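Residues per chain are reported as follows:
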Amino acid sequence: MSDLKKNILMVNLPFSGHTNPTLGLAKVLVDLGHHVSYINAPDLKEKIERTGATFIPYDNYPETLSPSQKEIKSWSAAYQTVQRVGADFDCLIYEMLFLPGKALADQLGVPAFRLFSTFTLNEKVLKDFGRTGGWYMTAIFRYPRLCRLFSKMIKRKFGLRYGDIVKEMVHNGPDLNFTYTIRDFQIYPDEFPSARYKYVGPAIGDRAEPDFDFSKITNPFIYISLGTLLNTSAAFFRKCIEAFRDEPVSVIISIGKTVKKEQLGEIPDNIFVYPFVPQLKILKRASLFITHGGMNSVNEALYYGTPMLVIPVGNDQPRVAQQIEDLHLGKYLKRKELTPAILRDNALKILRDMSYKESILPFEKKSQAAGGNTEIARMILEALSQIGDSIIRE
């Protein structure tokens, strides 16, 4: 590997599930002595600067926009910013949601590397997402005509190679792609050649978390935490409390910042409610994780060998939940059919059936050995060394 220090550009869209796992990569590269600049929305400035990277805010991204307007605007704002500064860097690292990453890197004449915070994607995976993901972003893959119309609109705007977003995503990717899970958990894994698609496990590394007092927690204990689409529902958390009231388990519930503890009624002594908890510390000890099936949380549970009960909302979550059930790593419950009795019965079944814990043990071992962001950094730097500075600076 070359000792020359690299000037690396990262770009992402302002969605926590897509940005958070990549922050550790920025830190690893900075700690190795390389210069990293990271383009994202102003809301992510503090998080990015904590990695040691230089934060670059989106161009043309007014603070007066509403949250939904900001989400829509982020694609073009990120694109314009990379277009303005990208030629001065040795490479571009982008997360898969930034669709024009490879086409834009080609325009700038710099190598590109892609990160996947969900499953590695191809036509089959995207079709599954469209079929199961509900009325969220992935719904577009359910309707070919709508997908073609949207593709036509953005092809010229973003200089895409193909007039089809599925083809652009699948067939215009970099030579090296990194996915934050292990190959054993990937759906259709044989369709992704190992020379191009690397599976590195979750982005855990040296993630700092505050201490947590476990003195009142007895085993077995259940950890309940859901994404932003569900943690606004006090009714859901009340179901959880009713499900495990007076059961011989401890329950830790992370309710987020929207729902208030006072909305949940009487909370029994075996249930502990917090706005936020240090998730990795909790998962390391938990007997069961009740989750919405967000890919980052699921991969963290695999890393610590914690069986799951998954209650998905949409996008990739139902397919993630199905994979967990198919591999006997937990169970999949549909949100609309959920009652306290169904929740309790399924949770207790997993706790009592040791075959779930036995099934997840190989995933735990492989996740912990996969290397995470340290392995991504190693492979990217090795690839840049092989390309050579003369080609990078053309």
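Structural notes, computed from the coordinates.

Reading the values: rules and limits
Residues numbered from 1 in each chain as written. Predicted model: local features only at pLDDT ≥ 70, side-chain atom pairs only at ≥ 80, totals over all residues. Heavy atoms only, no water. Pairing = 2+ DSSP bridges. Helix = DSSP H or I, 4+ residues; strand = E, 2+ residues; numbered from the N terminus. Axes fitted to C-alpha atoms, helices over the stretch in contact; angles between N-to-C directions. Phe/Tyr/Trp six-rings, centres within 6.5 Å; stacked < 30°, edge-to-face > 60°. Buried < 20%, exposed > 50% of the residue type's maximum accessible area, 1.4 Å probe, protein only. Patch = residues over 30% accessible without salt bridge, like charges linked within 9 Å, V, L, I, M, F, W, Y side chains within 5 Å. Areas by Shrake-Rupley, 256 points an atom, 1.4 Å probe, with all protein chains shown as cover. Salt bridge = Lys/Arg side-chain N within 4 Å of Asp/Glu carboxyl O. Parallel < 35°, antiparallel > 145°, perpendicular 65-115°, else oblique. Left-handed = near helix turned anticlockwise from the far one by under 90°. Contact = heavy atoms within 4.5 Å.

## Considering the sheet that holds strand 10 (residues 271–274)
Strand-to-strand pairing in sheets goes through backbone hydrogen bonds, with the strands running parallel or antiparallel.
Then, in step 1: The strand order across the open sheet built from 6 strands is 10-9-8-11-12-13, with neighbouring strands paired in parallel fashion. Unpaired on one side and paired on the other, strand 10 and strand 13 (330–332) mark the two borders of the sheet. When strand polarity is set aside, the average angle formed by the axes of neighbouring strands in this sheet is 15 degrees.
Then, in step 2: The sheet contact formed by strand 8 (residues 221–225) and strand 9 (residues 250–254) spans 5 bridges and is parallel. Bridge assignment links Ser225 to a residue of strand 9, and that residue is Ser254.

## Notes on the packing of aromatic side chains
Then, in step 1: Evaluation of the coordinates by the stated rule reveals 12 aromatic pairs.
Then, in step 2: Ring centres 5.1 Å apart and planes at 65 degrees place the aromatic pair Tyr79 and Phe158 in the edge-to-face group. Of this pair, Tyr79 sits in helix 3 (residues 67–85) while Phe158 sits in helix 6 (residues 144–158), and the two are 79 residues apart along the sequence. Phe158 shares its class with Tyr79; the two are buried.

## What to know about a nonpolar patch on the surface
Then, in step 1: A surface patch of nonpolar side chains, amounting to about 490 Å² of accessible area, comprises Tyr143, Leu146, Leu149, Phe150 and Met153.
Then, in step 2: Looking at the secondary structure, you find Phe150 in helix 6.

## Regarding the packing of helix 8 (residues 234–244) against helix 12 (residues 340–352)
Then, in step 1: Where helix 8 meets helix 12, the axes come as close as 8 Å, and the angle between the chain directions of the two elements is 60 degrees. Here helix 8 lies oblique to helix 12, going by the angle between them. Seen along the crossing, helix 8 lies across helix 12 with a hand that is right-handed. Every residue of helix 12 that contacts helix 8 at Lys239, Cys240, Glu242, Ala243 and Phe244 is listed here: Pro340, Leu343, Arg344 and Ala347.

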